[in-house]
Amino acid sequence: MVVAQKEAAADEQQQVVVFDAARLSGRSDIPEQFLWPEEESPTPDAGEELHVPLIDLSGDAAEVVRQVREACEAHGFFQVVNHGIDADLVAEAHRCMDAFFKLQLPEKQRAQRQPGDCCGYASSFTGRFASKLPWKETLSFRAKANTGGEQQQGVVDYLTEKLGDEYKHHGEVYGRYCSEMSRLSLEIMEVLGESLGVGRRCFRDFFQDNDSIMRLNYYPPCQRPLQTLGTGPHCDPTSLTILHQDHVGGLQVFADGRWLSIRPHAGAFVVNIGDTFMALSNGRYRSCLHRAVVNSRVPRRSLAFFLCPEMDKLVTPPPELLLLHHQRPYPDFTWRTLLDFTQKHYRADMKTLEVFSNWLRHGKDKAALPSF
């Protein structure tokens, strides 16, 4: 009876936890659900920099391919400059993000993410997980690439439907931003194809009509920065991530057996391989474990574009990679199946693709899933 009462009390406590950045960012007595175990918490020495190549996309094509290949074989992270993205567009995207996250919580919750959905506003993962909650807010929306400007209009429609007509400008800004990110993603896919020996068109064609995800990340100040994480350790389940981080920094990658930081560079975008592309490359390129840390003084913001294939397109390596490497570490799957898996059944971490593959091989048996 006592045990049942304690469990009921714990369930009730979990239900009432609300991540209100304006209220919690100045407090040291934060809810315990946001505290991470000591062995997973950030340490002061993790500020050492990970040296990732700063790749000039306008430079010699063969040199670009070589740098991308080396980065992907090492840890899957690199930065790109001379990418053709208008700096004024990036600045306006950040201004619109600031305007949204400065709203009072009830205003932001007009776009509240629904259970099992990847889009909408989320204040941490309260209501979904009971512990190790991330210290962040996000606003996510789909960015489906089509001809005729439909990608931009789809973003406008989504934001005005959720937040009102006064957010039409936000929609137009993020619609243009997503179109530019899609263009840049396809250019990078050409380079990845060359680096893997399958030609420039292989992956570009595969992602031409991509159904991607745009996410605005806001990490408010936290008075216990060595006991919390903005985003816990994970590998992106998507195909390719293009990230623009502000000057604050906080992105860390697990490489060479330790956590190392990727320092922001003005005008550069951070690019990393995700699980879906790892499967497409037949395991040749691996997605890498990374996380985001917070600090006690200022908020951190980032714009993340997650390149994804069309929902029901079959993710299978090109024949050339199967001939070179006969072993198939991952079964064929659709992006819809993996996305639903991460939203409904599993908290994305360093083993997402491995657990997902085993789940598929066991006939989608929930008993095959670890508890989280």
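Residues numbered from 1 in each chain as written. Predicted model: local features only at pLDDT ≥ 70, side-chain atom pairs only at ≥ 80, totals over all residues. Heavy atoms only, no water.

Under an unreviewed UniProt entry, the name given to the protein is Fe2OG dioxygenase domain-containing protein, and the organism recorded is Eragrostis curvula. Recorded in UniProt for the protein, the comment headed Cofactor (unreviewed entry) runs: "L-ascorbate". Looking at the Sequence similarities (unreviewed entry) heading of the UniProt record, one finds this comment for the protein: "Belongs to the iron/ascorbate-dependent oxidoreductase family." (UniProt positions renumbered as here; feature names shortened; annotations may be inferred.)

A. Structural view of the UniProt feature "domain: Fe2OG dioxygenase" (unreviewed entry) in the protein. This chain's UniProt record puts "domain: Fe2OG dioxygenase" (unreviewed entry) on residues 209–309. As annotated, residues 209–309 has a helix share of 6% and a strand share of 44%, and its two end C-alpha atoms lie 7 Å apart. (Helix = DSSP H or I, 4+ residues; strand = E, 2+ residues; numbered from the N terminus.)

B. The arrangement of the packing of helix α11 (residues 335–344) against helix α12 (residues 352–361) in detail. Put simply, α11 and α12 touch, their axes get as near as 11 Å, and they point 110° apart. As the angle between them shows, α11 and α12 are arranged roughly perpendicular. Residues Thr337, Leu338, Phe341 and Thr342 of α11 pack against Thr352, Val355, Phe356, Trp359 and Leu360 of α12. Looking at the contact of α11 with α12, its residues break down into six nonpolar, three polar and no charged. (Axes fitted to C-alpha atoms, helices over the stretch in contact; angles between N-to-C directions. Parallel < 35°, antiparallel > 145°, perpendicular 65-115°, else oblique. Contact = heavy atoms within 4.5 Å. Nonpolar A, V, L, I, M, F, W, Y, C, P; charged D, E, K, R; others polar.)

C. Representation of the packing of helix α3 (residues 61–74) against helix α7 (residues 168–196) in the model. One way to put it is that α3 packs onto α7 with a least axis distance of 9 Å and a crossing angle of 80°. By the criterion of interaxial angle, the relationship of α3 to α7 is roughly perpendicular. Contacts between α3 and α7 involve Val64, Val65, Val68, Arg69 and Cys72 from the former and Val191, Leu192, Glu194 and Ser195 from the latter. Class assignment of the residues belonging to the contact of α3 with α7 gives a composition of six nonpolar, one polar and two charged.

D. Representation of α3. Its 14 residues give α3 an end-to-end C-alpha distance of 20 Å, which sits within 8% of 20 Å, the value for a rise of 1.5 Å per residue. Buried residues along α3 sit in contact with β1 (54–56), β2 (77–81), α7 and β10 (269–273). The N-cap of α3, judged by a side-chain oxygen 3.3 Å from the amide nitrogen of Ala62 a few residues on, is Asp60. Looking at the residues trailing α3, positive phi occurs at Gly76, about 85°. (Expected span 1.5 Å × (residues − 1). Polar contact = N/O pair within 3.5 Å; in protein donor to acceptor, adjacent residues only side chain to side chain.)

E. Structural detail: the pattern of salt bridges. Per the counting criterion, the structure on display carries 19 salt bridges. Glu137 is paired through a salt bridge with Lys108; the nearest N and O atoms lie 2.7 Å apart. Separated by 29 residues along the polypeptide, Glu137 in strand β4 (residues 137–144) and Lys108 in helix α5 (residues 105–108) bring together distant segments of the chain. Comparing Glu137 with Lys108 shows no difference in burial state: the two are buried. (Salt bridge = Lys/Arg side-chain N within 4 Å of Asp/Glu carboxyl O. Buried < 20%, exposed > 50% of the residue type's maximum accessible area, 1.4 Å probe, protein only.)

F. Representation of the sheet that holds strand β11 (residues 290–292) within the structure. Pairing within the open sheet is antiparallel, and its four strands lie in the order β6-β11-β8-β9. Either end of the sheet is taken by a strand with one partner, and the two such strands are β6 (231–234) and β9 (258–261). Looking at each pair of strands side by side, their axes are set apart by 25° on average, direction ignored. Across two bridges, the pairing between β6 and β11 is antiparallel. Within the sheet, the bridge partner assigned to His234 lies in β11 and is His290. (Pairing = 2+ DSSP bridges.)

G. Inspection of the nonpolar core at higher detail. Ranked by internal contacts, the top residues of the largest apolar core, which has 91 residues, are Phe141, Tyr174, Leu192 and Phe277. Looking at which element gives the most residues to this core, the answer is α7, with 12 residues. Excluding residues that lie within four positions of it along the chain, Phe277 makes contacts with Met189, Leu192, Leu196, Phe203, Phe207, Thr238, Ser239 and Tyr285. Ranked by size, the runner-up nonpolar core spans 12 residues in total, among them Val17, Leu24, Phe34 and Leu133. (Core = buried A, V, L, I, M, F, W, Y, C linked by side-chain atoms within 4.5 Å.)

H. Local environment of unusual backbone geometry. Even without glycine at this site, Asn82 takes up a positive phi of about 50°. Looking at the element boundaries, Asn82 is found in the loop between β2 and α4 (87–101). Residues other than glycine seldom take positive phi values, yet Lys132 does so here, at roughly 50°. With respect to the element layout, Lys132 can be found in the loop between β3 (120–123) and β4. When its relative accessible area of 24% is taken as the criterion, Lys132 is described as partly exposed.

I. Quick peek at the sheet that holds strand β7 (residues 240–245). Read across the open sheet, the eight strands follow the order β1-β2-β10-β7-β12-β5-β4-β3; overall the sheet is mixed. Among the strands making up the open sheet, the edge pair consists of β1 and β3. Averaged over all neighbouring strand pairs, the angle between strand axes comes to 25°, with direction disregarded. Sheet topology places β1 next to β2; three bridges connect them, and they run parallel. By the bridge assignment for β2, Ile55 is matched with Val80. Across the sheet, α7 is in contact with β2, β4, β5 (211–219), β7, β10 and β12 (300–307); its angle to β7 comes to roughly 125°.

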